[in-house]
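# A structural walkthrough
One-letter residues, chain by chain:
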Amino acid sequence: MAGEDGENPFRLPPDDQIFLIREQERQRRVDERERVKTLRVHEKTTASSRVHRNRRTQENGEDIVLTAEASGKGRMPRAHSEGIGGREVRREKENVAEFVAKKREMFLVQMSLDVKKAEILKLDERAKQKEEALKKSQQMLDEDVTRFDAFLESNDKKAHTALKNAEEMTKKKQEALQKIKQLKSQLSALQSEIAKHKEQKDECFKYKHFLEKLTPQEWKDAMQQEKLGRKLRRKHDRVEAKLAADKAKMQAEMEAEERLMEEKAAEAAKSRRRQRREAEEEQKEREREMEARRRKIKKKYKNREEIEAEITEVSSGEEMDLYFKEPKQLLDVFTSKEESNLFLIQNSQDTEQALEELQQKFSETKRTSEANGDKVRSAIAALERQIADERQTSEELRQKLGQKEGAGEQGELLEDLCNKTIEVHTACGYEVEHDPDTLVMLAGIEAKLEEFLTLFEEVEMTEAGKALVAKLEKEKEFDRRSTAKRQKKEQQNRKNEERLKASLQRSQAPIHRKTGKQIMYRSAPLFQARRVVQEDDGYEEAVKEHEVFGIWMNRDGVPNAGNPMRS
């Protein structure tokens, strides 16, 4: 059993050699691949041939091992020799299988050789094709070199020709530049001369306009009349020439028509003989026709009025002659202008002096009017305040009249007002009449107030008067406020008394109990609250992210560095 265990090919190696065997096998395969890479094509083998070669190597090794064992163990028991004889029989069978395997391997080797030969032939064919392609490429390259040389030669010729042309053009350009410089110098000289003549012309025109301004208007009117007369004569000559030409054309057409009529009459007379009466009628008919043709020809041409309306007056373009022929005329005009200028200067000085006086008067009047206006405005403001106070008083009186009942009380109030008016009227220094009128007394009081206000304004012009008026105003204002407070307090007390009286009357009045069904008021509509659903678009979260991290993510997951916007 021990010997059989040592010969068992299926025993497992130790645990520490499993990984070592696998690593050795991997390294062997890598070395084999590297070796195969350096071999030539006919030295390489296929995968199937390598498998058979490995199998054959293993079988030969087993045979060698078996032979060595047989020679080393000559003295074996009988039973063991019988076992060996059985193995020999089995080996013969294995030799037949080996023979078949060798035949198969030979076939495979022959097939691999055929494949390699075919591959060699194919590679030879490809090499020939490559050589032919290289020959063609070399030929094309030679042709390209030849064409390129020809191109270089033609390019050199063209460059040489272009250089010659460039030199010629440079010479022409230099000549043209010299000519341009000469022309520019001539042009600048002409321009300077033109500018000089233009300045002279402008100066002459300036002097001419100056002389035309100094020319007397009577002489200008006379020249205008002469120019108008020349225009009319030119127009009349053109009209006469046009009429004469139209008249000549019209006469020629009439003569042609007459000749045509005479030729027709002569032909008709030759053709047949007619009676005298018929001849006279034909003669009259020809005359009427001739007269109609004359009218027709006259209508074709325009009469004098139409020609005059058609022809426009055209100026001859001639400038008006100057009035000044001698220097003495210009001196006389200057003298007259100087005299008139002196007269006008004196008049302007007088006018300016009068204007200054008027301006001084106007300024004084304006100051006085402004002062009076200020006084009037202050007086108006004071009167407006008095009017407002009086209106307030009248409103209070109306309220009092409205609260009081009966005509007697109103009469008493009117009588009280009349007595107060008489009192004020007497205080103003007026005498009391037998039957005084309230409106007349109020008018007198108003006039006295205006007089006092004017007096106050005059007094206010001084410092002492201003202080006195201010003191009096304060005293009167204090008295007025005290009176107003007293009257307001009395009115409040009266209102309180009336309210207490009314409440006492209500408490003493009999109680009216409500009978019947209570009146129901209309119910208010139901309040329907609306629920506002706000869609979360992620704006608040984006704002927080931007504040913390400096960026925010939109709905698509794209980061943004800008400020978030509400969608």
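Residues numbered from 1 in each chain as written. Predicted model: local features only at pLDDT ≥ 70, side-chain atom pairs only at ≥ 80, totals over all residues. Heavy atoms only, no water.

### Some details on the overall build of the chain
Heads up, the condition is: To qualify as a helix, a DSSP run of H or I must reach at least 4 residues; to qualify as a strand, a run of E must reach at least 2; elements of each kind are numbered from the N terminus. Burial classes: relative accessible area under 20% of the type maximum marks a residue as buried, over 50% as exposed, and values in between as partly exposed (1.4 Å probe, protein chains only). Only the protein chains shown count as cover for residues, with accessible areas throughout obtained via the Shrake-Rupley method and a probe of 1.4 Å.
Broken down by element type, the chain carries 12 helices and two strands. Going residue by residue from the N terminus, the α and β elements of the chain occur as α-α-α-α-α-α-α-α-α-α-α-α-β-β. Buried residues in the chain amount to 9% of all 567 residues. A total accessible area of about 50,700 Å² is found for the chain, and carbon and sulfur atoms account for 55% of it.

### Structural notes on a nonpolar patch on the surface
How we decide: Candidate patch residues must exceed 30% relative accessible area and have no salt bridge, after which like charges are joined if within 9 Å and Val, Leu, Ile, Met, Phe, Trp or Tyr side chains if within 5 Å. In what follows, salt bridge is the name for a side-chain nitrogen of Lys or Arg lying within 4 Å of a carboxyl oxygen of Asp or Glu.
Together, Leu449, Phe452, Leu455 and Phe456 line one region of the surface with nonpolar side chains, adding up to about 330 Å² of accessible area. The class for Leu455 is partly exposed, based on a relative accessible area of 43%.

### Some remarks on a negative patch on the surface
Note the following rule: For the purpose of counting charges, residues Lys and Arg are taken to be positive, whereas Asp and Glu are taken to be negative. His and the chain ends are not included. A single reference atom marks each charge: NZ on Lys, CZ on Arg, CG on Asp, CD on Glu.
A cluster of acidic residues, Asp124, Glu125, Glu131 and Glu132, forms a negative patch on the protein surface. Residue position: Glu132 is located in helix 4 (residues 78-214).

### Brief notes about a positive patch on the surface
A cluster of basic residues, Lys400, Lys420, Arg494 and Lys495, forms a positive patch on the protein surface. Note on placement: Lys495 falls in helix 11 (residues 463-508).

### Here's the deal with the pattern of salt bridges
This model, assessed by the stated rule, comprises 12 salt bridges. Across the salt bridge formed by Glu285 and Arg288, the nearest N and O atoms sit 2.5 Å from each other. Here Glu285 and its partner Arg288 are both found in helix 6 (residues 276-300), three residues apart, which amounts to about one turn of the helix. Of the residues examined, Glu285 reaches a relative accessible area of 42% and is grouped as partly exposed. Each of Glu25, Arg28 and Arg29 takes part in a single network of salt bridges with overlapping partners.

Nothing here speaks to function; it is geometry throughout.
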